[in-house]
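# Reading the structure
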Amino acid sequence: SKSKLSYGERAKHHTHPVARRLFGIAESKKTNVVVSADLTTSKELLDIADKLGPYIAVLKTHIDILDDYQYSVVEALKDLAVKHNFLIFEDRKFVDIGNTVQKQYHGGALQISSWAHIVNCTMLPGEGIVQALTQTAEREDFPYKDERALLILATMTSKGSLATGEYTRLSVECARKYSQFVIGFVASRTLGEIETEAGPLENEDFVLFTTGVNMASKGDKLGQQYQTPKSAVETGADFIIAGRGIYAVPDPVETAKRYREEGWNAYLSRIGE
Ligand code: 6AU
């Protein structure tokens, strides 16, 4: 596994340009925090993105939960991403047949491919979903070549999740097979020991995003389950995703700084510094 290497090393050697950028941002801003900005108005979303921008590596959106969505909000987000040097991850969790997800990703009402550096998909439909999204990103006329990447949702944080066993194994299998577009996983455990047809993951450098991170709570009333930034990074997370733990407290900026510090220190211990 590459989890003992520094972000700087991984930025140098990764085969995917988006992963290189991501690790480069983490290294230069000294942060592995991804804020899940699950706000429901454009004003609140842009406000939190601007305030927290300096302390995060990635801003994660659920653009379809905005009450007042217009394309101008993602244009403003893109500007903030440049201003503060973060990537945008639209947590769309594509979950359909190939022909449908291609249209949902590239074009459509939300034009996701035009503004989200990173998107994710589930493995429920089987290999075809990853194949289809990869194919779209590799089209001759795809305008964002080398600037877009996919994460596979390999496990879930909610109680009773069925994203286990064969589902998780297929996630690893497809990440390997489509590594020209897939840079890693959203998962709460390392996946290195999972056997695929080509053996276990050893030399591949997949990026692990772990969600369900909160310093003040163990879960919510709807089945969400939390761990701390420290335990997530100790378990192998390269990036920690936190939503309500950061944006829904009285002082999000101070709180983001605390998550950043805990996540960064856990990373430094992991790489032995
Ligand atoms: O920190 P929270 O609980 O306020 O928000 C967690 C965020 C939400 C979820 O949609 C998302 O993380 N999420 C995901 C992702 C990122 O794909 C997977 C999962 O298993 N659990 C989870 O909470 O925006």
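Reading the values: the criteria
- Residues numbered from 1 in each chain as written.
- Predicted model: local features only at pLDDT ≥ 70, side-chain atom pairs only at ≥ 80, totals over all residues.
- Heavy atoms only, no water.
- UniProt positions renumbered as here; feature names shortened; annotations may be inferred.
- Core = buried A, V, L, I, M, F, W, Y, C linked by side-chain atoms within 4.5 Å.
- Buried < 20%, exposed > 50% of the residue type's maximum accessible area, 1.4 Å probe, protein only.
- Contact = heavy atoms within 4.5 Å.
- Near = heavy atom within 4 Å.
- Polar contact = N/O pair within 3.5 Å; in protein donor to acceptor, adjacent residues only side chain to side chain.
- Areas by Shrake-Rupley, 256 points an atom, 1.4 Å probe, with all protein chains shown as cover.
- 1 Å grid on protein atoms, 1.4 Å probe; cavity = no way out; pocket = protein on both sides within 12 Å on 5 of 7 lines; lining within 4 Å.
- Sits in = over half its atoms within 2 Å of the grid points.
- Helix = DSSP H or I, 4+ residues; strand = E, 2+ residues; numbered from the N terminus.
- Nonpolar A, V, L, I, M, F, W, Y, C, P; charged D, E, K, R; others polar.
- Points joined across faces, edges and corners; volume = space filled by probe spheres on them.
- Pairing = 2+ DSSP bridges.
- Axes fitted to C-alpha atoms, helices over the stretch in contact; angles between N-to-C directions.
- Salt bridge = Lys/Arg side-chain N within 4 Å of Asp/Glu carboxyl O.

Under an unreviewed UniProt entry, the name given to the protein is Orotidine 5'-phosphate decarboxylase, and the organism recorded is Orbilia ellipsospora. Reading the Pathway (unreviewed entry) entry of the UniProt record for the protein gives the comment "Pyrimidine metabolism; UMP biosynthesis via de novo pathway; UMP from orotate: step 2/2." Comment text from UniProt for the protein, heading Catalytic activity (unreviewed entry), reads "orotidine 5'-phosphate + H(+) = UMP + CO2".

### Some points on the nonpolar core
Ranked by internal contacts, the top residues of the largest apolar core, which has 93 residues, are Val130, Phe185 and Phe209. For Phe209, the contacting residues outside a window of four places in its chain are Leu22, Val34, Val58, Ile118, Leu151, Phe185, Val186, Ala187, Phe239 and Ile241.

### What about the site of the ligand?
Lining the immediate surroundings of the ligand are 19 residues, of which Asp38, Lys60, Thr157, Tyr226 and Arg244 lie closest. Between the ligand and the protein, one listed contact pairs an oxygen atom with a side-chain N or O atom of His62 at 2.9 Å. Considering the ligand on its own, with 510 Å² of exposed area, one finds that the protein chains cover 91% of that surface. Among the cavities detected, the one that contains the ligand is the largest pocket. Only strand E3 (87-94) and strand E10 (239-242) provide two or more residues apiece to the shell around the ligand. The class makeup of the residues in the shell around the ligand is six nonpolar, eight polar and five charged.

### Regarding the layout of surface pockets
Volume-wise, the largest pocket comes out at about 450 Å³. Taken together, 28 residues line the largest pocket, and the ones lying closest to its centre are Asp38, Lys60, Thr157, Thr211 and Gln224. For the lining of the largest pocket, the per-class residue count stands at ten nonpolar, twelve polar and six charged.

### Remarks on the sheet that holds strand E4 (residues 118-122)
In space, the eight strands of this closed barrel follow the order E1-E2-E3-E4-E5-E6-E9-E10, with parallel pairing throughout. Along the sheet, successive strands turn relative to each other by an average axial angle of 25°, direction set aside. Across three bridges, the pairing between strand E1 (residues 33-36) and E10 is parallel. Across the sheet, residue Val34 finds its bridge partner in E10, namely Ile241.

### Brief notes about the pattern of salt bridges
The full count for this structure, using the stated rule, is 18 salt bridges. Note that Lys83 and Asp50 form a salt bridge whose closest N and O atoms lie 2.9 Å from each other. Within this pair, whereas Lys83 is found in helix H4 (residues 71-84), its partner Asp50 is found in helix H3 (residues 42-52), the two being separated by 33 residues in sequence. Judged by its relative accessible area of 56%, Lys83 is exposed. Exposure remark for Asp50: the relative accessible area of 30% places this residue in the partly exposed category. Between Lys145 and Asp146 there is a salt bridge, with its nearest N and O atoms 3.8 Å apart.

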